[in-house]
Amino acid sequence: MFDLSFNTTQQSTLFDTTDRWDLLIIGGGPAGLNAALYAQRKGLKVGLIAKDIGGQLHNTTDVDNYLGFQRLEGKTLSNQFLNHVKALDVPIKSDVFVTQITPQKALFSLQLSNGKTLFSKTIIIATGSKPRKLNIPGEETFSNRGVSYCTTCDAPFFKDKHVIVSGGGNSAAEAVLDLSYWAKHITVVHRSRWRADKLLLDKISNLPNVTIHLETQIINVDGDEMMRGVHVLDKNTQSTRFIHAEGLFIEIGTIPMSDLVTGFVQLNANHEIVVDAMQMSSIPGLFAAGDVSHQPFKQIIIAAAEGAKAALAVTQYINQKTKESY
Amino acid sequence: MAKLFNDDVRTQITEILAQTKNPIQLVLFTKEGVCPTCQETQQLLEEVCETNEKLTLSVKSIETDKALADTYGVTMTPSFVILDSKGVYKGVKFNGIPAGHEINSLISALLEMSGLTIHYQEQVLNRINSIEKPINIKVFVTLSCPHCAGAVQNAHRLAMLNPNIEAEMIEAQTFQELSTKHNVSGVPKIVINDQHELVGNQPIEAFLEKIERI
Ligand SMILES: Cc1cc2nc3c(=O)[nH]c(=O)nc-3n(C[C@H](O)[C@H](O)[C@H](O)COP(=O)(O)OP(=O)(O)OC[C@H]3O[C@@H](n4cnc5c(N)ncnc54)[C@H](O)[C@@H]3O)c2cc1C
């Protein structure tokens, strides 16, 4: 009933006394938190900067696939991660964000939203990803007037209403399950086939109030004051029609938050940061982990593992550099 | 009656609220008869105040204490305001129970009202200080919304920093009529002076841009 995520940034941390670090980690999701844990244990002078702690875990109702935990709420997992990191006294600066990274000679400088500048020998970017938009007419206009990207936040507004879920992956399937407690009817509209886990699809097939249209594309969102429905194209018959609905939950995957390094770090076509086997980007000393890296599967356990790898690689990198006399 | 806070939550809240600086007062307005979440809100605030002696709660009736309710602009129940150490109303109001993620908004408002420094850049503080029009900020939330507390905190800080600004959290499910009136179907939704809208957890600069254009 209480989701305490209050950060005790009021307590003083190393952030108050130093502006020169071995490693600064950007991002408080699974990748960033695990990187912090590993780096602190190695004895690096490490700090973590995050807009919020938990990242996308907060938008996740239940996590069913993190080894060792059978069915856990996303926020519970996030709190456990944070408690573990806090137990090691990792300095955390939350509620601020990094606005710019500038590679300098043997250092990186980081500009923060509170006006401060910090310097670090190495950086791990673990900024994750944000919801992808459909980019169709009406989506923006009816955003928060029916169109939503956060099922946990907005499901209660659709009690006894008809809603559409757009998408075919795990997050779309989870949205259907979450909404089934509230909505009168749910229509899934997806432009290709399901990609979600069979386990989730089995659960959906047991729900009495779900209709599924695959190979169907949403063309626009229509309405007046509030959204009234969507026009869709049936790809098999090439016919279009209107589906009346009060809500549209868009769950079509995510786009990486790589803006901070766009222009000076190699990105792939999806704007993900290209990393090597040591999680290092095209710029020596700049590492990336989690959803923002170019690894193909966006999962908590993979993000956490990449965070650990990156922290260990940073340790090696710094040791090597020190030998070469920094 | 069963406690709302389990031991774990109570311990954590006690630890955080240990930073409370000056004594402050909460004034809660409830109503006899039908008042969904009135009783729970009262119990929640009582349990919060039990964790720290600098926090006191006074419970009023919106009917019999109408004059007082009017001075704080309280029109719905449950609704509460947090007064500063001198007993002054600075425009920090909660409508509905601050449970779920909103417990974070409550804690933050208590600590900052008690005198903990609000960390904004100087230029942001200057912009806040120069607002001279009366501004009312409504932040609609659901208790399961992880981004909403951030928006509520920013709004409340604006109120604490400038006497012309009042900021209220509105728990959308308890106050459905008001939510429907403002077409709320996604949260956080921020409504300024009942007509200018902001959607999502916006940085403080976005609040200021909107307010400065009014
Ligand atoms: C609805 C939903 C359900 C999901 N369900 C599951 C599931 O059941 N199982 C599973 O394994 N995975 C699930 N996922 C995927 C999983 O949540 C992600 O793969 C994982 O959270 C990625 O972790 P991350 O640390 O890379 O990034 P994120 O979790 O996205 O965290 C990024 C962090 O970076 C911070 N940040 C971003 N930019 C800045 C900046 N400029 N300055 C400072 N901080 C910044 C953010 O505030 C945040 O703290 C789900 C995702 C969604 C959206």
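Everything numeric here is computed off the predicted structure, so don't read it as measured data. Throughout this document, residue positions are counted from 1 along each chain, in the order its sequence is written. Just so you know, chain letters begin at A and ligand numbers begin at 1, following the order they were written in. Only residues with pLDDT of 70 or above have their local features reported here, since the model is predicted, and side-chain atom pairs are shown and tallied only from 80 upward, although totals for entire chains, interfaces and linings are computed over all residues. Neither water nor hydrogens contribute to the side-chain values; these are computed over all heavy atoms in the structure.

Draft legend 1. Geometry of the overall build of chain B. A tally of helices and strands in chain B yields eight helices and eight strands. With the C-alpha coordinates aligned to their principal axes, the bounding extent of chain B is approximately 50 × 35 × 35 Å. Within the span of chain B, comprising 214 residues, buried residues form 57% of the whole. Within chain B, contacts between residues at least 6 apart in sequence are counted, and of these 74% link residues at least 24 apart. Comment: elements are numbered from the N terminus, with helices defined as DSSP H or I runs of at least four residues and strands as E runs of at least two. Only protein chains enter the area calculation, which uses a 1.4 Å probe; residues under 20% of their type maximum are buried, those over 50% are exposed, and those in between are partly exposed. Contacts between residues were defined by any pair of non-hydrogen atoms, one from each residue, lying within 4.5 Å.

Draft legend 2. Geometry of the sheet that holds strand β11 (residues 162-166) of chain A. All names here are of chain A. Should DSSP find at least two bridges between two strands, the strands are regarded as paired. Read from one edge of the open sheet, five strands run β10-β17-β11-β12-β13, paired in parallel fashion. The sheet terminates laterally at β10 (147-148) and β13 (210-213), the two strands that pair on one side only. Sheet topology places β11 next to strand β17 (residues 247-250); four bridges connect them, and they run parallel. In the strand pairing of β17, Ile 164 is matched with Leu 248.

Draft legend 3. Examining unusual backbone geometry more closely. A cis geometry characterises the amide bond from Thr 77 of chain B onward to Pro 78 of chain B, with omega recorded as -10°. With respect to the helices and strands, Pro 78 of chain B occurs in the loop between α3 (66-71) and β3 (79-83). Here the residue pair Val 187 of chain B and Pro 188 of chain B is connected by a cis peptide bond, since its omega of -5° sits within 30 degrees of zero. Residue position: Pro 188 of chain B is located in the loop between α7 (176-181) and β7 (189-192). Phi is positive for Asn 135 of chain A, which is not a glycine, with a value near 55°. Tracing the backbone through its elements, the reader meets Asn 135 of chain A in the loop between β9 (129-131) and β10. One non-glycine residue, Asn 193 of chain B, adopts positive backbone phi at about 45°.

Draft legend 4. Quick look at the interface of chain A and chain B. Chain A puts 27 residues into the contact, and the matching count from chain B is 38 residues. Each reported salt bridge corresponds to a side-chain nitrogen of Lys or Arg within 4 Å of a carboxyl oxygen of Asp or Glu. Counting the contacts that link chain A with chain B gives one salt bridge. Taking the shortest distance from any N to any O, the salt bridge between Glu 197 of chain B and Arg 145 of chain A comes out at 3.1 Å. The term polar contact refers here to a pair of N or O atoms within 3.5 Å; inside protein, the definition further demands a hydrogen-donor-capable atom paired with an acceptor-capable atom, and it admits residues adjacent in sequence only when both atoms are side-chain atoms. At the junction of chain A and chain B, the tally comes to 13 residue pairs in polar contact (both at pLDDT 80 or more). In terms of residue count, the dominant contributor to the side of chain A that touches chain B is helix α3 (residues 151-154) of chain A (three residues). Here the nonpolar group is Ala, Val, Leu, Ile, Met, Phe, Trp, Tyr, Cys and Pro; Asp, Glu, Lys and Arg are the charged ones; every other residue, Gly included, is treated as polar. Here the side of chain A that touches chain B is built from residues that sort into 11 nonpolar, 11 polar and five charged.

Draft legend 5. Representation of the state of the cysteines in the model. All names here are of chain B. Disulfide assignment relies on a single distance test, namely cysteine sulfur atoms paired within 2.5 Å. By the definition in use, this model includes three disulfides over all chains. Cys 35 shares a disulfide with Cys 38; S-S distance 1.8 Å. The sign of the 55° torsion about the S-S bond sets the Cys 35-Cys 38 disulfide as right-handed. For the pair Cys 35 and Cys 38, a shared accessibility class is recorded, and that class is buried. When the bonded cysteines of chain B are numbered from the N-terminus onward, they pair as 1-2, 3-4. Not engaged in a disulfide, the cysteine Cys 49 finds its nearest cysteine sulfur in Cys 38; these two sulfurs lie 16 Å apart.

Draft legend 6. Representation of the site of the ligand. Residues and elements named next belong to chain A. Neighbouring the ligand are 32 residues, the closest being Asp 52, Gln 56, Asp 291, Gln 299 and Ile 300. Here an oxygen atom of the ligand sits 3.4 Å away from a polar atom, N or O, in the main chain of Ala 126. Using the Shrake-Rupley algorithm and a 1.4 Å probe, accessible areas are obtained, with residue cover drawn only from the displayed protein chains. The protein chains hide 92% of the 1000 Å² of surface that the ligand would expose on its own. Going through the elements one at a time, β1 (20-28), α1 (30-41), β2 (46-53), β3 (62-63) and α6 (300-323) are the ones with two or more residues in the shell around the ligand. For the shell around the ligand, the element with the most residues is β2, which contributes four residues. Partitioning the shell around the ligand into residue classes produces 13 nonpolar, 13 polar and six charged. If even one non-hydrogen atom of a residue comes within 4 Å of a molecule or strand, that residue is called near it.

Draft legend 7. Structural view of the pattern of salt bridges. A complete count under the given rule lists 22 salt bridges over all chains for this structure. When the shortest N-O distance is used, the salt bridge between Arg 193 of chain A and Glu 215 of chain A registers 3.5 Å. Note that Arg 193 of chain A is positioned in the loop between β12 (185-189) and α5 (198-205) and Glu 215 of chain A in the loop between β13 and β14 (216-223), a separation of 22 residues in sequence. In this structure, Glu 50 of chain B and Lys 3 of chain B form a salt bridge, with 3.3 Å as the shortest nitrogen-oxygen distance. With a gap of 47 residues between them, Glu 50 of chain B in helix α2 (residues 38-50) and Lys 3 of chain B in the segment before α1 (7-17) connect regions that are remote in the sequence. With relative accessibility at 55%, the residue Glu 50 of chain B sits in the exposed group.

Draft legend 8. Layout of the domain arrangement of chain B. Residues and elements named next belong to chain B. Per the domain assignment, the segments making up chain B are domain 1 (7-90 + 97-113) and domain 2 (122-212). Segmentation of the chain into domains, including their bounds, is taken from an automatic or database domain assignment. Summarising the inter-unit geometry, the C-alpha centres of domain 1 and domain 2 are found 19 Å apart. Listed as interface residues are 19 residues of domain 1 and, on the opposing side, 20 residues of domain 2. Note on domain 1 versus domain 2: buried area summed over both sides is about 1500 Å², and carbon and sulfur give 60% of it. It is Met 76, His 101 and Glu 102 in domain 1 that bury the most area against domain 2; as a group they hold 34% of the surface buried on that side. Remark: the boundary between domain 1 and domain 2 carries one salt bridge. Scanning the region where domain 1 abuts domain 2 turns up five residue pairs in polar contact (both at pLDDT 80 or more). For the side of domain 1 that touches domain 2, the secondary-structure elements that each account for two or more residues are β4 (89-95) and α4 (103-113). Here the side of domain 1 that touches domain 2 takes six residues from α4, the largest share from any one element. Split by residue class, the side of domain 1 that touches domain 2 holds nine nonpolar, seven polar and three charged. Simply put, the buried area is the total loss of 1.4 Å probe accessible area from both parts when two parts are fitted together.

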